[in-house]
Amino acid sequence: RQMESDLTQALKCGEFRLDYQPICRLSDRAILGFEALIRWDHPLRGLVSPAEFIPLSEENGMIVQIGEWVIEEACRQLAEWPEEVHVAVNVSPMQMRLPSIVEVVRRALAAHDLAPQRLTLELTETALVRDGAHLARNLIALRAMGVKIAMDDFGTGYSSFTHLRDFELDQIKIDRSFVNVAQEDHKAWAVAQAVTNMARELSVGAVGEGVESSEQITRLMELGCDVAQGFFLGRPMDGTRATALLADAA
Ligand code: G
Ligand code: G
Ligand code: MN
Ligand code: NA
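Read on for a plain summary of the structure. This structure is a prediction, so every number in the text was calculated from the model and none was measured. Within each chain, residues carry numbers counting from 1 in the order of the written sequence. Key to labels: chains lettered from A, ligands numbered from 1, both in the order written. Reporting in this predicted model follows two pLDDT cut-offs: at least 70 for local features of residues, and 80 or more for side-chain atom pairs to be given and counted; totals over whole chains, interfaces and linings ignore these cut-offs and use all residues.

As for the overall build of the chain
Here's step 1: Counting from the N terminus, the helices are DSSP H or I runs at least four residues long and the strands are E runs at least two residues long. Scanning the chain from N- to C-terminus turns up ten helices and ten strands.
Here's step 2: On C-alpha atoms alone, the chain measures out to a radius of gyration of 18 Å, which is about the 18 Å that the 2.2 N^0.38 rule sets for 250 residues.
Here's step 3: A principal-axis box enclosing the C-alpha atoms of the chain has dimensions of 50 × 45 × 35 Å.
Here's step 4: Buried, partly exposed and exposed are defined by the number of other C-beta atoms within 10 Å of a residue's own C-beta, namely 20 or more, between the two limits, and 12 or fewer respectively, with C-beta atoms placed from the backbone. With 250 residues in all, the chain has 38% of them scored as buried.
Here's step 5: For the chain, the proportion of contacts with a sequence separation of at least 24, taken over those separated by at least 6, is 66%. For the radius of gyration, the atom set is restricted to C-alpha positions; the globular benchmark scales as 2.2 Å times the number of residues to the power 0.38. By the criterion used throughout, residues are in contact when their C-beta atoms, derived from the backbone, lie within 7 Å.

Quick look at the structure:
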């Protein structure tokens, strides 16, 4: 209960910030973009994980305002980066079903004069399960605008393949439970291979998540997955450091 009013307070007082994790091309490790990840620096409790407060904010509806803040803030930061860099934002299932999401995104892009192609919205598979009609309408409108849609944590949901058939997507993010594994984990790599092949057949991008070693990078490249993120390629960092990293690379 306490956390509920704390969330309102957090938005008002600027206790949220976004960290950015590099998304890299594996052939030369070039940074293609960043995934924005919300952080809450609570005045008393210190850093609170989004894994804790995002589910709560979905229950009490605060996710709508928090989600809008995330989109606006990610766009503000993106406008400071070179044109070829993109940003990926996690959108919670509830927010993605609201009719207002389309306008929220359009406004944020316009306010910062951004090409819509530079913004990717990441949805989890659970988002696609309930109330598919509203969601499908939003996805169509957003894609028509030029915004990219990625399916996050692919392979962890119950009906991944149905969703690939029913929704137009731009990218599949291979869940780290199939990537951040030992060389000998044949089953996990077989799934990663199958998802990569399927992405190619569907002409959508494949992104490996959770890469923590150079062996995993080599393996992904052998599978034909050319893009990845993970602690080995870069940890989530604040916007200032992300900007410096881009400048170093340039
Ligand atoms: O960054 P971290 O591993 O702590 O994130 C934990 C979870 O919180 C992940 O599943 C991630 O997708 C989710 N998450 C992080 N930032 C956001 C955000 O801005 N919005 C939503 N809806 N989820 C987020
Ligand atoms: O659910 P989603 O994929 O959005 O979750 C993103 C979360 O994954 C972030 O909280 C981020 O901190 C975490 N993450 C990113 N890279 C790695 C990694 O290499 N290993 C692990 N264990 N977690 C990672
Ligand atoms: Mn994500
Ligand atoms: Na993910």
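Describing the site of ligand 1
Here's step 1: Nearness between a residue and a molecule or strand is assessed with a C-beta atom placed from the backbone; a distance within 6 Å qualifies. In the neighbourhood of ligand 1, the contacting residues comprise Leu37, Ile38, Ser49, Pro50, Ala51, Ile54, Val70, Asn90, Val91 and Ser92.
Here's step 2: By residue number, the principal contributor to the shell around ligand 1 is helix H2 (residues 50-60), which donates three residues.

Quick notes on the site of ligand 2
Here's step 1: The immediate surroundings of ligand 2 are formed by 15 residues, with Asn90, Gly210, Glu212, Gly230 and Phe231 found nearest.
Here's step 2: In terms of residue class, the shell around ligand 2 is made up of four nonpolar, six polar and five charged. Here the term charged refers only to Asp, Glu, Lys and Arg, the term nonpolar to Ala, Val, Leu, Ile, Met, Phe, Trp, Tyr, Cys and Pro, and the term polar to all other amino acids, Gly among them.

Regarding the packing of helix H1 (residues 2-13) against H2
Any two packed helices are characterised by how steeply their axes cross, that is the angle between the axes, and by the distance between the axes.
Here's step 1: In the contact formed by H1 and H2, the axes pass within 11 Å of each other and the chain directions differ by 90°. With respect to H2, the element H1 is oriented roughly perpendicular. For the pair H1 and H2, the contacting residues are Met3, Glu4 and Leu7 in the first and Phe53, Leu56, Ser57 and Asn60 in the second. Axis lines are fitted to C-alpha atoms, over the contacting stretch for helices. Their N-to-C directions set the angle, which ranges from 0 to 180 degrees. Should an angle fall under 35 degrees it is taken as roughly parallel, and over 145 as roughly antiparallel, whereas 65 to 115 is taken as roughly perpendicular and any remaining angle as oblique.

Here's the deal with the packing of helix H5 (residues 100-111) against helix H6 (residues 132-145)
Here's step 1: It is at 9 Å that the axes of H5 and H6 come closest, and there the two elements cross at 20°. By the criterion of interaxial angle, the relationship of H5 to H6 is roughly parallel. In this structure, H5 crosses over H6, and the sense of that crossing is right-handed. Within the contact between the two elements, H5 uses Ile101, Val102, Val105 and Arg106 and H6 uses Asn138, Ala141, Leu142 and Met145.
Here's step 2: Partitioning the contact of H5 with H6 into residue classes produces six nonpolar, one polar and one charged. Handedness of a crossing follows from how the near helix is turned relative to the far one, being left-handed for an anticlockwise turn of less than a right angle and right-handed for a clockwise one.

Side note on helix H8 (residues 186-201)
Here's step 1: In a regular helix each residue adds 1.5 Å, so 16 residues correspond to 22 Å; H8 covers 22 Å between its end C-alpha atoms and thus fits that length.
Here's step 2: The complete set of buried residues in H8 reads Trp189, Ala192, Val195, Thr196 and Ala199. Buried residues along H8 cover an arc of 120° about the axis, so they all sit on one side. Exposed side chains of H8 directed beyond 90 degrees from the buried face belong to His186, Lys187, Ala190 and Glu201. Helix span, expected: 1.5 Å multiplied by one less than the number of residues in the helix. To be clear, the arc concerns the directions from the helix axis to the C-beta atoms.

Some thoughts on unusual backbone geometry
As a rule of thumb, non-glycine residues mostly have phi less than zero, and peptide bonds are mostly trans rather than cis.
Here's step 1: The residue Asp153 is not glycine, and still its phi comes out positive at about 50°.
Here's step 2: Turning to its location among the elements, Asp153 is positioned in strand E6 (residues 148-154).
Here's step 3: Residue class for Asp153 comes out partly exposed when judged on the 18 C-beta atoms lying within 10 Å of it.
Here's step 4: Even without glycine at this site, Ser203 takes up a positive phi of about 55°.
Here's step 5: Looking at the element boundaries, Ser203 is found in the loop between H8 and strand E8 (205-208).
Here's step 6: We classify Ser203 as exposed; it has 7 C-beta atoms within 10 Å.

Details of the pairing of E8
Here's step 1: Pairing between strands requires that DSSP locate at least two bridges from one strand to the other. Pairing geometry for strand E7 (residues 171-174) and E8, over four bridges, is parallel. What sits directly across from Lys173, in E8, is Val207.
Here's step 2: Crossovers are marked right-handed if the path from the first strand over the helix to the second runs clockwise, as seen with the strands pointing away from the viewer. After leaving E7, the chain enters H8 and then returns to the sheet as E8, a path that is right-handed.
Here's step 3: Bridge count for E8 against strand E9 (residues 227-228) is two bridges, and the pairing is parallel. Bridge pairing in E9 links Val207 to Val227.

Points about the environment of Val147
Here's step 1: You can see Val147 is positioned in the loop between H6 and E6.
Here's step 2: The sequence separation of Val147 and Pro116 amounts to 31 residues, and the corresponding C-alpha distance is 4.8 Å.
Here's step 3: When sequence neighbours within four positions are dropped, the list of residues in contact with Val147 reads Val105, Pro116, Leu119, Leu121 and Leu142.

Geometric descriptors of this kind do not, in isolation, establish any biological role.
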